[in-house]
Amino acid sequence: MKKILLINTGGTIAMSQDQTTGKVSPTSDNPIHQQGHLLQNFADIDVLDFLNIPSPHMDLEKMLELSQLIQEKAKSYDGIVITHGTDTLEETAYFLELTLDLPIPIVVTGAMRSSNEIGSDGLANLRSAIFTAREDHSAQKGVLVVMNEEIHTATYVTKTHTTNLATFQTPTFGPIGILYKNQVTYFQELIRHEHYHLTAISQDVALLKVYAGMKADLFEAVLDHGYQGLVIEALGAGNLPPQIVPILEQFMEAQIPVVLVSRAFNGVTEDIYDYPGGGKRLSQMGVIFTQGLSGIKARIKLAVLLNAEEKVSIKQAFQGK
Ligand code: ASP
């Protein structure tokens, strides 16, 4: 039997609903502990409670601690499953993707309905995650996110719906695999993986979403507050309102990297338009364009690059060349 480590961090999968008020909150005894024995037929599972927090309480420091814990435990297991709140699951999963390079499957899962709600998906997602983690062919695919019987890459998956069980999706490409009742099947894979070594987090990155008529004041605040990097969710293929351009010159002068993604759900950014605020001029200024990452993923990546032990070219790391 495969040996799997289950690391709990909290989230709805570890919560229950008060049947009178309808409030959903963390419980002192994680419901996964009561339900866990149902999964022991599928693998030899050890359980480690790392955290019991709602995922809006997650931050870069805790992500790094989790990554270090996985690194330390990996040699004793055939696969590792992490349970996590769904709100920031994709950020932690991508942080793990960028900071771990392990020969065993690493799978992140969660739930949209808590343990005692009708139609609770926690146990089913956990079963799917364990099925995925115990398969040899789930290794070397990067960190995987398993929800609703689909397997997604940590790099491109995103939460698309506030409450629907089918909330986790991969825009543009779709999932890389599917779980049938007793089978794990893959039909595509990522062509590029990258890994960085981090020992501490000291540099922080801000994320701003652009809207029609946006002024420069929020960008000034980012500069004044001493962020070491900025990610902008820009318009369309990568354009900005012209009034934002002068403040970006100040970022360039201060050598603060500015990474541009699109606020559009599908597609990549490209430096196409040549007008004030247009992508062509932004890239000539030194703004870095990315290939398909969402704003929150690009923020995680820029933070990882800025905090990495390796000296990396941020531009090269984002442009994949
Ligand atoms: N708010 C919860 C959390 O992210 C939602 C969830 O777990 O799905 O922890």
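All figures in this text were calculated on a predicted structure; none of them were measured in a lab.

**Brief notes about the site of the ligand**
- Around the ligand, the neighbouring residues are Gly11, Thr12, Pro54, Ser55, Pro56, Gly85, Thr86, Asp87 and Ala111.
- Taking Thr12, its main chain carries an N or O atom lying 2.7 Å from an oxygen atom of the ligand.
- In this structure, an oxygen atom belonging to the ligand sits 3.1 Å away from a main-chain N or O atom of Ala111.
- Contact with the protein chains removes 85% of the 270 Å² of surface that the ligand exposes when unbound.
- A per-class count over the shell around the ligand returns three nonpolar, five polar and one charged.

**Quick look at helix 6 (residues 245–253)**
- Turning to helix 6, its buried residues number three or more, namely Val245, Ile247, Leu248, Phe251 and Met252. Across the axial projection of helix 6, the buried residues extend over an arc of 155 degrees, all falling on one side. Facing away from the buried surface of helix 6 by more than 90 degrees, the exposed residues are Pro246 and Glu253.
- Contact partners of the buried residues in helix 6: helix 5 (217–224), strand 14 (229–234), strand 15 (258–262) and helix 7 (279–285).
- Among the residues trailing helix 6, Gln255 stands out with phi positive, at a value near 55 degrees.

**Comments concerning the UniProt feature "domain: Asparaginase/glutaminase C-terminal" (unreviewed entry) in the chain**
- Per the UniProt record, the feature "domain: Asparaginase/glutaminase C-terminal" (unreviewed entry) sits at residues 204–311.
- Split by type, residues 204–311 is 34% helix and 17% strand. Its first and last C-alpha atoms lie 17 Å apart.

**Here's the deal with the UniProt feature "active site" (unreviewed entry) in the chain**
- In the numbering used here, UniProt assigns the "active site" (unreviewed entry) feature to Thr12 and Thr86. The annotated residues occupy 75 residues of the chain but converge on a single region, no pair of C-alpha atoms lying more than 7.6 Å apart.
- One can find Thr12 in the loop between strand 1 (3–10) and strand 2 (15–17).
- Residues contacting Thr12, with those up to four places away along its chain left out, are Gly85, Ala111, Met112, Arg113, Ser114 and Ser115.
- Note that Thr86 resides in the loop between strand 5 (79–83) and helix 3 (89–99).
- The residues touching Thr86, leaving out its near neighbours within four places in the chain, are Ser55, Gly110, Ala111, Met112, Met147, Lys159 and Phe168.

**Quick word on unusual backbone geometry**
- The phi dihedral of Gln140 is positive, around 60 degrees, even though this residue is not glycine.
- One non-glycine residue with positive phi stands out, namely Gln255, at about 55 degrees.
- Here Gln255 lies in the loop between helix 6 and strand 15.

**Here we look at the packing of aromatic side chains**
- Tallied over the entire structure, the rule returns three aromatic pairs.
- Seen from their ring centres, Phe42 and Phe131 are 5.0 Å apart, and the 65 degrees between their planes marks the pair as edge-to-face. Placement of Phe42 in the loop between helix 1 (31–35) and strand 4 (44–53) and of Phe131 in helix 4 (residues 122–133) is noted, with a sequence separation of 89 residues between them.
- The class of Phe131 is buried, set by a relative accessible area of 3%.
- Where Tyr273 meets Tyr275, the ring centres are 5.8 Å apart and the plane angle is 45 degrees; that geometry is what we call tilted.
- For Tyr275, a relative accessible area of 35% translates into the label partly exposed.
- Lying across the ring of Phe131, Arg134 places its NZ or CZ 4.1 Å from the centre.
- The residue whose ring lies beneath Lys297 is Tyr94, and the NZ or CZ to ring-centre distance is 5.8 Å.

**Brief notes about the sheet that holds strand 4**
- Read from one edge of the open sheet, eight strands run 4-1-5-6-7-8-11-12, paired in mixed fashion. Looking at strand neighbours, the two that pair on one side only are strand 4 and strand 12 (184–186), the edges of this open sheet. Direction aside, the axes of adjacent strands within the sheet are offset by 25 degrees on average.
- Where strand 5 lies against strand 6 (residues 106–109), four bridges are found, and the strand directions are parallel. Following the sheet pairing, Ile80 is matched in strand 6 by Ile106.
- The strands touched by helix 2 (residues 60–73) are strand 1, strand 4, strand 5 and strand 6; relative to strand 4, the strand with the most contacts, the crossing angle is about 165 degrees.
- Against the sheet, helix 3 touches strand 5, strand 6 and strand 7 (144–147), its axis set at about 170 degrees to strand 6.

**Overview of the side chain of Ser67**
- The residue Ser67 is located in helix 2 in this model.
- Given the relative accessible area of 4%, Ser67 is considered buried.
- Beyond its immediate sequence surroundings of up to four residues, Ser67 is in contact with Phe95, Leu96, Thr99 and Leu100.

What counts as what
- Residues numbered from 1 in each chain as written.
- Predicted model: local features only at pLDDT ≥ 70, side-chain atom pairs only at ≥ 80, totals over all residues.
- Heavy atoms only, no water.
- Near = heavy atom within 4 Å.
- Polar contact = N/O pair within 3.5 Å; in protein donor to acceptor, adjacent residues only side chain to side chain.
- Areas by Shrake-Rupley, 256 points an atom, 1.4 Å probe, with all protein chains shown as cover.
- Nonpolar A, V, L, I, M, F, W, Y, C, P; charged D, E, K, R; others polar.
- Buried < 20%, exposed > 50% of the residue type's maximum accessible area, 1.4 Å probe, protein only.
- Helix = DSSP H or I, 4+ residues; strand = E, 2+ residues; numbered from the N terminus.
- Arc of directions from axis to C-beta.
- Contact = heavy atoms within 4.5 Å.
- UniProt positions renumbered as here; feature names shortened; annotations may be inferred.
- Phe/Tyr/Trp six-rings, centres within 6.5 Å; stacked < 30°, edge-to-face > 60°.
- Lys NZ or Arg CZ within 6 Å of the ring centre and 35° of its normal.
- Pairing = 2+ DSSP bridges.
- Axes fitted to C-alpha atoms, helices over the stretch in contact; angles between N-to-C directions.

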